[in-house]
Amino acid sequence: MTIADRWLLPDGMDEVLPPQALRMESLRRTLLDTYYRWGYDMVVPPPVEFLDSLLTGTGSDLDIQTFKLTDQHTGRMMGISADVTPQVARMDAHSLHREGAVRLCYCAHVLRAQADEYQGGRSPVQVGLELFGHSGIDADVEILQLVLESLDVAGASHIHLAIGHIGIYRALMEEAGLDAQARGRIFEAIERKALGDSDALIEAQVADAALAAMLKALPRLHGGVEILDQARTMFAGASASVMAALDYLVQLQQRLEASHGDVALYFDLAELRGYQYHTGMVFAAHVSGYGQALAKGGRYDGTGRAFGRPRPATGCSMDLKLLASLSEQQPPADGVWAPAENDAELQARIRTLRGEGVRVVQALPGQDGSALETHYRCDRALIKRDGQWGIVPISEMK
Ligand SMILES: N[C@@H](Cc1c[nH]c[nH+]1)C(=O)O
């Protein structure tokens, strides 16, 4: 191993240096305080679990994303969490066992076996909210409001919220009655927005011409609120659940328009990205300059079934690393530089200042005062004048 190899980090595994790490930490605190004020209780999931419980009811996307290892104690396969949402669903269904609406939030490191264009790095810090036990639109609206509040706190502007509904695609595919392989290929083509491929597959596999036309229309239905009307006309002959999903999106649009008129809403009826556990409304929030979504989420009713208690559920997740990169703000230079002296009065003064929340950096013997403003972010200094310790601007230090 050469020296150059030694400092190489695996692809997508990044370290966070000052001042970014501080930005991340202060954003984490602000976000969790916000969630606390909205009634969300914090949970801390384990970083590693047995694979069976980690992947139960979640589909193959998450399986591919999960790093696997063997537990030396039991010989069983374990997985490193790649997504906190199913873990929190387990806590709600099995560990907490509370009745009614349960609001939980978290901030945890996760690892992903693959970096893809939508997910960014392989070592995100996932911060998120999950609301269980309520199947109405109000729960989804609350989650979306908190997503917008989180992005606002992080310093995002011109937010673009893309909303879809997995139920439309699922209902149409159910009517088509295809086998798993054909379904998988069509899903993959629609997810990639490869219209030529999805058209060809649908034409070849779906015998009912009206249904094939509806499926072919699906990836073309994206844009402003007007596409919901177009969809209504297009899907007039489809099952009642398709119409119910469209009505739901119209209601959601009205609620968001009233509370967040400044947010650009975009509807995409073929928005199938994300994990396969989603069952209803799904969304992704974008801001310009960022290729990947800053927040993602949606409804995933019934995920707790695998743990003995199916519950309505909705939620969102964000990557704290990505959110913290929205703000270029420099942390304040408001520290106090103290000399290296071991003077009882000086030590007492330092203790008092730190007790008051002031950042005091004491020089080590031999340490000069270079880079005080930049590295140590000190704008003042403790100095002794006329036998008294006092604080002066750093420029007067010498
Ligand atoms: N965990 C999902 C988002 C989500 C949270 N809750 C529901 N959905 C993701 O990372 O894409």
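Residues numbered from 1 in each chain as written. Predicted model: local features only at pLDDT ≥ 70, side-chain atom pairs only at ≥ 80, totals over all residues. Heavy atoms only, no water.

We count it as follows: UniProt positions are given in the numbering used here, feature names are shortened, and annotations may be inferred rather than shown by experiment.
Under an unreviewed UniProt entry, the name given to the chain is ATP phosphoribosyltransferase regulatory subunit, and the organism recorded is Larsenimonas suaedae. Under the UniProt heading Function (unreviewed entry), the entry covering the chain gives this text: "Required for the first step of histidine biosynthesis. May allow the feedback regulation of ATP phosphoribosyltransferase activity by histidine."

### A short note on the pattern of salt bridges
What counts is decided by this rule: Just to be clear on terms, a salt bridge is a Lys or Arg side-chain nitrogen sitting within 4 Å of an Asp or Glu carboxyl oxygen. For each residue, the accessible area found with a 1.4 Å probe, counting protein chains only, is set against the maximum for its type, and the residue is called buried under 20%, exposed over 50%, and partly exposed in between.
On inspection of all chains with the given rule, the structure shows 23 salt bridges. Glu188 is the salt-bridge partner of Arg192, the closest N and O atoms lying 2.7 Å from each other. The partly exposed category is assigned to Arg192, whose relative accessible area is 46%. Of the residues examined, Glu188 reaches a relative accessible area of 37% and is grouped as partly exposed. Salt-bridge contacts for Asp197 lead to Arg192; the nearest nitrogen and oxygen are separated by 3.0 Å. Through salt bridges with shared partners, one network takes in Asp92, Glu99, Arg309 and Arg311.

### Regarding the sheet that holds strand S16 (residues 388–393)
Keep this limit in mind: Here, strands pair whenever DSSP counts at least two bridges between them. Strands here mean DSSP runs of E at least two residues long; helices mean DSSP runs of H or I at least four residues long; both are numbered from the N terminus. Convention adopted: a line fitted to C-alpha atoms gives each axis, helices being fitted over their contacting stretch, and angles between N-to-C directions are expressed from 0 to 180 degrees. Contact between two residues is taken to exist if any of their heavy atoms lie within 4.5 Å; hydrogens are not considered.
Judged by pairing direction, the sheet is mixed, and its four strands sit side by side in the order S14-S13-S15-S16 without closing on themselves. One side of each edge strand has no neighbouring strand; the edge strands of this open sheet are strand S14 (360–362) and S16. Along the sheet, successive strands turn relative to each other by an average axial angle of 30°, direction set aside. Relative to S16, strand S15 (residues 378–385) is paired through six bridges, and the arrangement is antiparallel. In the strand pairing of S16, Lys384 is matched with Trp389. Lying over the sheet, helix H14 (residues 344–355) contacts strand S13 (335–338), S14, S15 and S16, oriented at roughly 150° with respect to S14.

### Quick look at the site of the ligand
Rule in force here: Whether a residue is near a molecule or strand depends on its heavy atoms: if one lies within 4 Å, it is near. Between N or O atoms, a polar contact is any pair within 3.5 Å; within protein, one atom must be a potential hydrogen donor and the other a potential acceptor, and residues adjacent in sequence are included only when both atoms are from side chains. All accessibility values rest on the Shrake-Rupley procedure with a 1.4 Å probe; residue burial counts only the protein chains present in the view. Here the nonpolar group is Ala, Val, Leu, Ile, Met, Phe, Trp, Tyr, Cys and Pro; Asp, Glu, Lys and Arg are the charged ones; every other residue, Gly included, is treated as polar.
Taken together, 14 residues form the shell around the ligand, and within it Asp83, Thr85, Glu130, Tyr277 and His278 come nearest. Here a nitrogen atom of the ligand and a side-chain polar atom of Thr85 are 2.7 Å apart. Contact distances for the ligand include 2.8 Å between a nitrogen atom and a side-chain N or O atom of Glu130. Compared with its free state, where it exposes 300 Å², the ligand has 98% of that area covered by protein. Taken together, the elements giving at least two residues each to the shell around the ligand come down to strand S6 (125–132), strand S11 (295–299) and strand S12 (313–319). Of the residues belonging to the shell around the ligand, the class tally is four nonpolar, seven polar and three charged.

### Some words on the packing of aromatic side chains
To describe a pair of aromatic rings, one takes the distance between the centres and the angle between the planes. To keep it simple, the criterion reads: Any two rings among Phe, Tyr and Trp, with Trp reduced to its six-membered ring, count as a pair given centres within 6.5 Å; such a pair is stacked if its planes are under 30 degrees apart, edge-to-face if over 60, and tilted if neither.
All chains considered together, the criterion is met by four aromatic pairs. On the basis of an interplanar angle of 65° and a centroid distance of 5.7 Å, the ring pair of Tyr169 and Phe187 is categorised as edge-to-face. Taken as a pair, Tyr169 in helix H7 (residues 166–176) and Phe187 in helix H8 (residues 180–191) lie far apart in primary sequence, 18 residues in all. With a centroid separation of 5.4 Å and an interplanar angle of 50°, the aromatic rings of Trp337 and Tyr376 are classed as tilted. Of the two residues, Trp337 is situated in strand S13 and Tyr376 in the loop between S14 and S15; the sequence distance between them amounts to 39 residues. Its relative accessible area of 5% is what places Trp337 among the buried residues.

### Overview of the pairing of S12
Where burial is concerned, most of S12 is hidden: seven out of the seven residues are buried. In S12, alternate side chains face the same way, and those of Ala313, Gly315, Ser317 and Asp319 on one face and Thr314, Cys316 and Met318 on the other are all buried. Where S6 meets S12, seven bridges bridge the pair, whose relative direction is antiparallel. Opposite Phe132, over in S12, you have Ala313 as the bridge partner. Where S11 lies against S12, five bridges are found, and the strand directions are antiparallel. If you follow Lys296 over to S12, its bridge partner there is Ser317.

### Quick look at the pairing of S6
Of all eight residues that make up S6, eight are buried, and the element is covered over most of its length. The pairing of strand S5 (residues 102–109) with S6 spans eight bridges and is classified as antiparallel. From the neighbouring strand, Arg103 faces S6, where its bridge partner is Leu131.

### A short note on the side chain of Asp83
Quick note on the threshold: Think of it this way: Lys and Arg go in the positive column, Asp and Glu in the negative one, and His and the chain ends go nowhere.
By secondary structure assignment, the location of Asp83 is in the loop between strand S4 (77–80) and helix H5 (85–96). Although Asp83 is buried, it makes no salt bridge; Arg112 carries the closest opposite charge, 5.2 Å away. Looking at Asp83, its side chain comes within polar contact range of the side chain of Tyr277, at 2.4 Å. Apart from residues lying up to four places away in sequence, Asp83 is in contact with Leu62, Val110, Gln126, Tyr275, Tyr277 and Ser317.

### Here's the deal with the nonpolar core
Within soluble globular proteins, side chains that are nonpolar tend to cluster in buried spots. In plain terms, the rule: To form a nonpolar core, buried Ala, Val, Leu, Ile, Met, Phe, Trp, Tyr and Cys residues must be joined to one another through side-chain atoms within 4.5 Å.
One finds Tyr35, Ile163, Leu172, Phe235 and Leu269 to be the most contacted residues of the largest nonpolar core, which totals 81 residues. No other element matches helix H6 (residues 137–154), which puts ten residues into this core. Sequence-distant contacts of Tyr35, defined by excluding residues within four places in its chain, comprise Tyr40, Cys105, Val127, Leu129, Leu146, Ser150 and Met318. Counting residues in hydrophobic clusters, the runner-up holds 20 residues, among them Ala82, Val88, Tyr300 and Ala313.

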